[in-house]
Amino acid sequence: MEQDIEALKDIVRHLMAENLAQGLAIQALAEATLLPLRTLHTLRERAEHTLEHEDQLPFPEQYRSAFLAEIEDVCEALRRGQERT
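Notes on the structure follow.

What counts and how
- Residues numbered from 1 in each chain as written.
- Predicted model: local features only at pLDDT ≥ 70, side-chain atom pairs only at ≥ 80, totals over all residues.
- Heavy atoms only, no water.
- Core = buried A, V, L, I, M, F, W, Y, C linked by side-chain atoms within 4.5 Å.
- Buried < 20%, exposed > 50% of the residue type's maximum accessible area, 1.4 Å probe, protein only.
- Helix = DSSP H or I, 4+ residues; strand = E, 2+ residues; numbered from the N terminus.
- Contact = heavy atoms within 4.5 Å.
- Patch = residues over 30% accessible without salt bridge, like charges linked within 9 Å, V, L, I, M, F, W, Y side chains within 5 Å.
- Areas by Shrake-Rupley, 256 points an atom, 1.4 Å probe, with all protein chains shown as cover.
- Salt bridge = Lys/Arg side-chain N within 4 Å of Asp/Glu carboxyl O.

**Some points on the nonpolar core**
Okay, so step 1: With ten residues, the main nonpolar core is built from A30, L40, A47, L51, F67, I71, V74, C75, A77 and L78.
Okay, so step 2: Contributions of two or more residues to this core are made by α2 (36-52) and α3 (61-84).
Okay, so step 3: Among the elements that take part in this core, α3 stands out by supplying six residues, more than any other.
Okay, so step 4: Each residue touching F67, except ones within four places of it in the same chain, is listed here: A47, T50 and L51.

**Brief notes about a nonpolar patch on the surface**
Okay, so step 1: On the surface, L8, I11 and L15 cluster together to form a nonpolar patch covering roughly 300 Å² of accessible area.
Okay, so step 2: By secondary structure assignment, the location of L15 is in helix α1 (residues 2-32).
Okay, so step 3: Here L15 falls in the partly exposed class, since its relative accessible area comes to 48%.

**Digging into the pattern of salt bridges**
Okay, so step 1: Applying the stated criterion across every chain yields a total of seven salt bridges.
Okay, so step 2: Measuring nitrogen to oxygen at the nearest pair gives 3.8 Å for the salt bridge that ties E72 to R44. With a gap of 28 residues between them, E72 in helix α3 and R44 in helix α2 connect regions that are remote in the sequence.
Okay, so step 3: A salt bridge links R79 to E72, with the shortest nitrogen-to-oxygen separation between them at 3.1 Å.
Okay, so step 4: For R79, a relative accessible area of 27% gives the class partly exposed.

Functional significance is not addressed by these values, which are geometric in nature.
Spelled out as structure tokens, the structure:
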């Protein structure tokens, strides 16, 4: 049983590391895009569209919070990219 728990912890750590790396890559791309405001608008539309489907199958609160926090992080990177252009 303890080995199973450790294996699950390893899987979670791996997924967290992948998520962090992908998040950093997305933020870097967002800051470097040539059309940050357009990208920001498109991202917000897609996030809103995703949340509209929540009426049919609500997201768990932790999932929803993490989703919204990640969207906001990318939006902030897009705003920084706009300031640089």
